[in-house]
Amino acid sequence: MPSSILRRAGARVRAGVRRAARRAVCGAVVTSVLAACGGGGDSAGTPPTEPRPPASADTFALRALATAKGIRLGTAIDRGLRTGGTAGTSFRALVARHFSSLTAENDMKHQRLQPQRGVYAWGGADSIVAFAETHGMQVRGHTLVWHQQNAAWLANGTWTADEARALLVDHVTTVATRYRGRIAAWDVVNEAFEDDGTLRNSVWQRTLGADYIALAFRTAAAADPQARLFYNDYGIEWPGRKQDSTYALVQRLLAAGVPIHGVGFQAHFQAGQLPPNFAGTLQRFAALGLDVHITELDVRVRTPSTATDRATQAQNYRDVVAACLQVSRCTSLTIWGVSDGDSWVPSTFAGWGDALPWDAALQPKPAFAALYAVLAGR
Ligand code: XIL
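Bear in mind that the values here come from a model prediction, so they are computed numbers and not experimental data.

## Some remarks on the pattern of salt bridges
The tally for this structure, following the rule as stated, stands at 15 salt bridges. A salt bridge links Arg112 to Asp78; its shortest N-O distance comes to 3.2 Å. Note that Arg112 is positioned in helix 6 (residues 110-113) and Asp78 in the loop between strand 1 (72-77) and helix 5 (85-98), a separation of 34 residues in sequence. Several salt bridges converge on common partners, so that one network encompasses Asp78, Arg82, Asp107 and Arg112.

## A few points about the site of the ligand
In the vicinity of the ligand lie 13 residues, with Glu105, Lys109, His142, Glu296 and Trp336 positioned nearest. Interatomic distance of 2.7 Å between a side-chain N/O atom of Lys109 and an oxygen atom of the ligand. The protein chains hide 80% of the 410 Å² of surface that the ligand would expose on its own. At a threshold of 2 Å from the grid points, most atoms of the ligand map onto the second largest pocket. Taken together, the residues that form the shell around the ligand break down as three nonpolar, six polar and four charged.

## A word on the side chain of His98
Mapped onto the elements of the fold, His98 is located in helix 5. When its relative accessible area of 0% is taken as the criterion, His98 is described as buried. Within the structure, the side chain of His98 is placed 3.1 Å from the backbone nitrogen of Leu62, a separation counted as a polar contact.

## Quick notes on the packing of aromatic side chains
Inspection of the entire model under this criterion finds twelve aromatic pairs. An aromatic cluster is built from Tyr247, Phe265, Phe269, Phe278 and Phe285, whose rings are joined through pairwise contacts. Arg300 extends its terminal NZ or CZ atom over the ring of Phe349, reaching a point 3.7 Å from the ring centre.

## Regarding the side chain of Gln266
Turning to its location among the elements, Gln266 is positioned in the loop between strand 6 (262-265) and strand 7 (268-270). Exposure remark for Gln266: the relative accessible area of 1% places this residue in the buried category. Within polar-contact distance, the side chain of Gln266 engages the side chain of Asn190 at 3.3 Å. Only 3.0 Å separates the side chain of Gln266 from the side chain of Glu191, close enough to count as a polar contact. Excluding its chain neighbours within four sequence positions, the residues that come into contact with Gln266 are Asn190, Glu191, Asn232, Asp233, Tyr234, Glu237, Thr295, Glu296 and Leu297.

## Here's the deal with the pairing of strand 2 (residues 101-104)
The side-chain alternation of strand 2 yields two buried faces, one formed by Ser101 and Thr103 and the other by Leu102 and Ala104. Of the crossover connections in this fold, the one passing from strand 1 over helix 5 to the parallel strand 2 is right-handed. Pairing analysis gives three bridges linking strand 2 to strand 3 (residues 138-145), with the strands arranged parallel. The residue of strand 3 that forms the bridge with Leu102 is Val139.

Each value, and the rule that gives it
Residues numbered from 1 in each chain as written. Predicted model: local features only at pLDDT ≥ 70, side-chain atom pairs only at ≥ 80, totals over all residues. Heavy atoms only, no water. Salt bridge = Lys/Arg side-chain N within 4 Å of Asp/Glu carboxyl O. Helix = DSSP H or I, 4+ residues; strand = E, 2+ residues; numbered from the N terminus. Near = heavy atom within 4 Å. Polar contact = N/O pair within 3.5 Å; in protein donor to acceptor, adjacent residues only side chain to side chain. Areas by Shrake-Rupley, 256 points an atom, 1.4 Å probe, with all protein chains shown as cover. 1 Å grid on protein atoms, 1.4 Å probe; cavity = no way out; pocket = protein on both sides within 12 Å on 5 of 7 lines; lining within 4 Å. Sits in = over half its atoms within 2 Å of the grid points. Nonpolar A, V, L, I, M, F, W, Y, C, P; charged D, E, K, R; others polar. Buried < 20%, exposed > 50% of the residue type's maximum accessible area, 1.4 Å probe, protein only. Phe/Tyr/Trp six-rings, centres within 6.5 Å; stacked < 30°, edge-to-face > 60°. Lys NZ or Arg CZ within 6 Å of the ring centre and 35° of its normal. Contact = heavy atoms within 4.5 Å. Right-handed = clockwise from strand over helix to strand, strands pointing away. Pairing = 2+ DSSP bridges.

Structure below.
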């Protein structure tokens, strides 16, 4: 029997055993779910280790509900992991409780890993991987080859094709080898297309042309044969030229025998503006024989936000999860951060914020209740 069926069956049994407790403690109405099930209520002190005790509170974790539905629920973390004091303890407990996949928001990017040419700095990335392993979470590696957040020495250098090829191969090989066997999925190439669907002008495209993409995938596969290898981008959730260019790219890569296993849809959305037929889009790529992951979900609202905004946002979170649940190859859904206090949105999109399921005080928002409900099958 496939392990996913066993996993689902096991989770159903456990859920059934605790059904009464859930009703008593968690309640059926949204406000009770928020009060009983949202925050990092795990007692402070030592972080839990795997296998985690079957504390009744875990029945209420998004992580358990998502696992029962056959998907990994992930988050991206950066500063929060290293925050000291009670704030850091509650943050880490909440992450371990609700998520079973972890992405480094910045710690696995080129500028953090190779700040000087040939000099690698592993501290941040190592701590993310160690945290994930301690808590039985998978890691999504992000990202090996990108046009942004490259170290200044790389971004500002002038390189021949041979030099660029050697730099790409060295970086991908060194990073993927260090974490060999410990990364479930790598975003091998990130954001290779402009919004109009043409190949993006990047250090890699200027020096190597489109061939850098296949080179990156082949190099990653050689270094870590177990990792699932992804192309990741934003805006491809919408029908149009960028989505079509991505589709054509992965078709070409597959036809050429390049080891690519999935497409990541970043899913940085504005409240009230979800792409039409997102499940259909996920299925379009899944039909190529690929995994589809939602890799960076957030739903931003105009700030200061209103209760109506937060309700719309909650419905949008619900709809995105529902789209993933409709597609059997949609096996992982990562939210780009935990709390509104850590989100990249306010500093990137002026006038926008409050994009995540927990507020800056780590209190669950209506979006949390919506995630809970859809993952619980309500
Ligand atoms: C963002 C991080 O969240 C920020 O902290 C950082 O300053 C810039 O990058 N697409 C991606 C992510 O693939 O790596 C980006 O992350 C968000 C957009």
